[in-house]
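Here is how the chains run, residue by residue.
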Amino acid sequence: MNFPKPPVGMLPGDRVSYSPIVNRKPLKLPGKARMVVWTITNVEEWDPTQTLPRTVLTPPAGGSPMPDIPNWCWHEYGNRVGFWRLLQVYDEFKIPGVMNINGVAVSAFPEMVKACVERKWEFIGHGYTQRNMQKVENERADIKKCVGLIEKATGKRPRGWLGPGLTETWETPDILAEEGYDYVADWVLDDQPVWMKTRSKPILNIPYTQECNDVAMMLIQHHKANEFYERAIDQFEQIYKDSKDSARVMAISVHPYIMGAPHRAKYFRAIFQKIRKKKDVLFWTGSQIADWYKKVGPKAE
Amino acid sequence: MSTPMIPRERADYSAIVDRPPLKLPGKARIVFWTIVNYEVWDIGKPMARQLLPAPTGVPLMPDVVHWGFHEYGMRVGCWRFFELFAKLGIKPTLSANARICEDYPRVAEAARDAGWEFMGHAYEQGPIHKEPDQAAMIKRTMDIMEKFAGKRPVGWLGPGLTQTLETPDLLAAAGVKYIGDWVYDDEPTTIKTTNGPLVTLPYTIELNDIPVMLIQHHNSDYLLKMAIDQFDRLYAESAHRAKFCALAIHPYISGQPHRIKYLEAIYDYVNKHDGVLHWNGEQMLDWYNQQPKAAP
């Protein structure tokens, strides 16, 4: 089907050709490892003067009166308290962290940045603010500002990108490649990394998740807290089985204001208590996955 | 008038791990704070919450169905609460629209006579943004409650926790000492207002029957499960620093026959633990104000 082309950028199908996973040459991980798990922590600073990205409480009689202080505070709880609970889990199970952070949050929460830098976490760009990329005035400037703030605070340029709410314009991958990004995680279309065409050099897409993601599960689908654990284990067991002959990647994505709430924290911990024991599973960052795939995977066309 | 402060100007970011632990008296380690919400839903206005969408999907006025849904709480559900808390010897914080003193004196008197703490919760139920004169409404609320209960309330919770940017300034001016609207921490904090400091107490929109039952549509027993998980975690952390576990309930939700047993079971569970204080907001405030240096 020839869908009408956008004026700038590309259609998804023009960046990545269809490829059934069963037809690909097997991917091998180092040693006896068969799959990789990467865990992404999303840290944001919400602008109290704008409509908030998510809410837990609606106002009496509905509507969306501004400002929305209760839901702003509900999110801020994650930064003041919840994040520090998640950090205990990462420390306990020696999980290499991936900090997916808004540029503005880098400045707002220096204590969190310091804790992650000390632990050698990977920082990836998550927009300058928590606003849809389609609504950002100047996408390139937004991406540049985010890169600059992360580099300044951590001493390293971010190599990976995950858009706020995974949003992209038709042009986002082109801009990311031009701004020096090695990988993006917005495309939840596969269990393995895939090369994406851009108008300059190709960029790698790493498997992220809207399935094992606390925003989707807790805030949209309204599952009980233990379902986050149950689903992660079901997801893990299937991917582990599928990885017998060719390596696959599983992502787990959390937000401190959701899984960092006291009544949910133990279910997050229980995931790692169960899966961290597996000797043939690697716990990696996005950059480690990208570097491995560039070495052993197919070359970009 | 200058632009009102945004939240970050009222309170700097502060990581809980960077603060010295707060200590409760004696061997106490955690405060269990029960907040009961009694409201007035004016039949002349849209109802605050809806359970049953109108057949065409368009809400019509008057909304007798949801007026009745709420009224059940004031006729029946609240008496299940009174019985439970009398049996337990707990005196909760009553977050009440001041108008309950006029429309439901029987209920308001029962709460007053049982020694519950009266906390300001606006004159009637509706977002504070729609108040034409917020300062006057706050004063009216405080005055009515003071006259009725014989004591001016020290606490405030906005309807649905709603605030405009200037609300904390107006509340401090009206003599409010603490608010529950800022659910951004596990501990009490002090925020800036143009009329002096104001304390925030850790209220909850997690362990609260509105989001859990009416918005997220969980099974009735999930409030109990969530309360156990919430309490277990906070209790474990209270080995190192004082913790606070709030529970917010409404008579038209948790006072329903199919839900009340789960509420009762929450207290059975919590009371099996040592070192639990059932304090109201004013008791928490008094304790917090005596701490050497109020935490940020």
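Note that the coordinates shown come from a computational prediction; the quantities given were computed from them, not determined experimentally.

What counts and how
Residues numbered from 1 in each chain as written. Chains lettered and ligands numbered in written order. Predicted model: local features only at pLDDT ≥ 70, side-chain atom pairs only at ≥ 80, totals over all residues. Helix = DSSP H or I, 4+ residues; strand = E, 2+ residues; numbered from the N terminus. Rg over C-alpha atoms; globule rule 2.2 N^0.38 Å. Contact = placed C-beta atoms within 7 Å. Expected span 1.5 Å × (residues − 1). Bend = angle between axes of the 7 residues up to and from the residue. Axes fitted to C-alpha atoms, helices over the stretch in contact; angles between N-to-C directions. Parallel < 35°, antiparallel > 145°, perpendicular 65-115°, else oblique. Left-handed = near helix turned anticlockwise from the far one by under 90°. Nonpolar A, V, L, I, M, F, W, Y, C, P; charged D, E, K, R; others polar. Core = buried A, V, L, I, M, F, W, Y, C linked by C-beta atoms within 7 Å. Buried ≥ 20, exposed ≤ 12 C-beta atoms within 10 Å, placed from the backbone. Pairing = 2+ DSSP bridges. Right-handed = clockwise from strand over helix to strand, strands pointing away.

Visitor: Looking at this structure, I do not really get the overall build of chain A. What am I missing?
Guide: On a plain count of helices and strands, chain A comes out with eleven helices and nine strands. Compactness check: chain A gives a C-alpha radius of gyration of 19 Å against a globular reference of 19 Å for 301 residues, within 12% of the reference. Once local pairs closer than 6 in sequence are excluded, the contacts in chain A between residues at least 24 apart make up 72%.

Visitor: For this particular structure, what's the right way to read the overall build of chain B?
Guide: Tallying secondary structure elements over chain B gives ten helices and nine strands in all. For 296 residues, the compact-globule estimate of 2.2 N^0.38 gives 19 Å, and chain B sits close to it at 19 Å. Structurally, chain B occupies a C-alpha span of about 55 × 50 × 40 Å along its principal axes. A fraction of 72% describes how many contacts in chain B between residues 6 or more apart in sequence connect residues 24 or more apart.

Visitor: Explain helix α2 (residues 64-88) of chain B to me, please; I cannot follow it from the model alone.
Guide: All names here are of chain B. Given a rise of 1.5 Å per residue, 25 residues ought to cover 36 Å, and the 35 Å separating the end C-alpha atoms of α2 matches this to within 8%. Maximal helix bending in α2 amounts to about 45 degrees, located at glycine 77. If you follow the buried residues of α2, they end up packed against β1 (30-38), α4 (105-113) and α9 (257-270). Phi turns positive, to about 70 degrees, at glycine 89, one or two residues after α2.

Visitor: Explanation requested: unusual backbone geometry in the structure shown.
Guide: Glycine aside, a negative phi is what most residues show, and trans is what most peptide bonds show. Residue and element names in this part refer to chain A. For the bond from methionine 66 to proline 67, the omega torsion is -5 degrees, close enough to zero to count as cis. In this fold, proline 67 is placed in the loop between β1 (35-43) and α2 (69-92). With phi around 55 degrees, histidine 222 is a residue other than glycine that occupies positive phi space. Along the chain, histidine 222 falls in the loop between α7 (214-220) and α8 (226-242).

Visitor: Honestly, the packing of helix α8 (residues 222-237) of chain B against α9(B) in this entry has me stumped. Any pointers?
Guide: Residues and elements named next belong to chain B. Contact geometry for α8 and α9: axes closest at 9 Å, N-to-C directions at 20 degrees. Here α8 lies roughly parallel to α9, going by the angle between them. Handedness of the crossing formed by α8 with α9: right-handed. Facing α8, whose interface residues are Leu223, Leu224, Ala227, Ile228 and Phe231, α9 presents Tyr262, Ala265, Ile266, Tyr269 and Val270. Broken down by class, the residue content of the contact of α8 with α9 amounts to ten nonpolar, no polar and no charged.

Visitor: Sorry, what's going on with the nonpolar core here?
Guide: Nonpolar side chains in soluble globular proteins tend to be buried together. Counting residues in each nonpolar core, the largest one holds 165 residues, and the members touching the most others are Val36(A), Trp38(A), Ile289(A), Trp33(B), Leu171(B), Cys245(B) and Ala246(B). Contacts of Trp33(B), omitting those with residues within four sequence positions, involve Thr93(B), Phe244(B), Cys245(B), Ala246(B), Trp279(B), Gly281(B) and Met284(B).

Visitor: Just checking my understanding: could you explain the packing of helix α10 (residues 262-275) of chain A against α8(B) for this structure?
Guide: Think of two packed helices as two axes; the pair is described by the angle between the axes and how far apart they sit. The geometry of α10(A) relative to α8(B) is characterised by a closest axis approach of 6 Å and an angle of 80 degrees between their N-to-C directions. When the axes of α10(A) and α8(B) are compared, the pair comes out roughly perpendicular. On α8(B), the residues touching Pro262(A), His263(A), Ala265(A) and Lys266(A) of α10(A) are Met226(B), Asp229(B), Gln230(B), Arg233(B) and Leu234(B).

Visitor: Sorry if this is basic, but what is going on with the interface of chain A and chain B here?
Guide: Interface size is often expressed as the accessible area that is lost when the parts come together. Counting residues at the interface gives 32 residues for chain A, matched by 42 residues for chain B. Those elements that place two or more of their residues in the side of chain A that touches chain B are α2 and α10 of chain A. Its residues assigned to classes, the side of chain A that touches chain B comprises 22 nonpolar, five polar and five charged.

Visitor: What's the story with the pairing of strand β2 (residues 98-101) of chain A in this structure? I'm lost.
Guide: Here is the key point about a regular strand: its side chains alternate between the two faces of the sheet. Residue and element names in this part refer to chain A. Of the two faces of β2, the one lined by Val98 and Asn100 and the one lined by Met99 and Ile101 are each fully buried. Summarising the sheet, β1 and β2 pair through four bridges and their orientation is parallel. Across the sheet, residue valine 43 finds its bridge partner in β2, namely isoleucine 101. Regarding the hand of the β-α-β motif, the stretch spanning β1, α2 and β2 is right-handed. Looking at chain direction, β2 and strand β3 (residues 122-125) are connected through four bridges and run parallel. Considered in β3, the bridge of asparagine 100 is made with isoleucine 124.

Visitor: When you look at the pairing of strand β2 (residues 93-96) of chain B in this model, what are you seeing that I'm missing?
Guide: Residues and elements named next belong to chain B. Side chains of β2 alternate between two faces, with Thr93 and Ser95 and Leu94 and Ala96 buried alike. Examined bridge by bridge, β1 and β2 share four bridges and lie parallel to one another. Note on β2: the bridge partner recorded for isoleucine 35 is threonine 93. For the segment spanning β1, α2 and β2, crossover handedness is right-handed. Looking at chain direction, β2 and strand β3 (residues 117-120) are connected through four bridges and run parallel. Bridge pairing in β3 links serine 95 to methionine 119.

Visitor: Explanation requested: the environment of Lys201(A) in the structure shown.
Guide: Note on placement: Lys201(A) falls in the loop between β6 (194-196) and β7 (203-205). Lys201(A) gets classed as exposed once you count the C-beta atoms within 10 Å, which come to 10.

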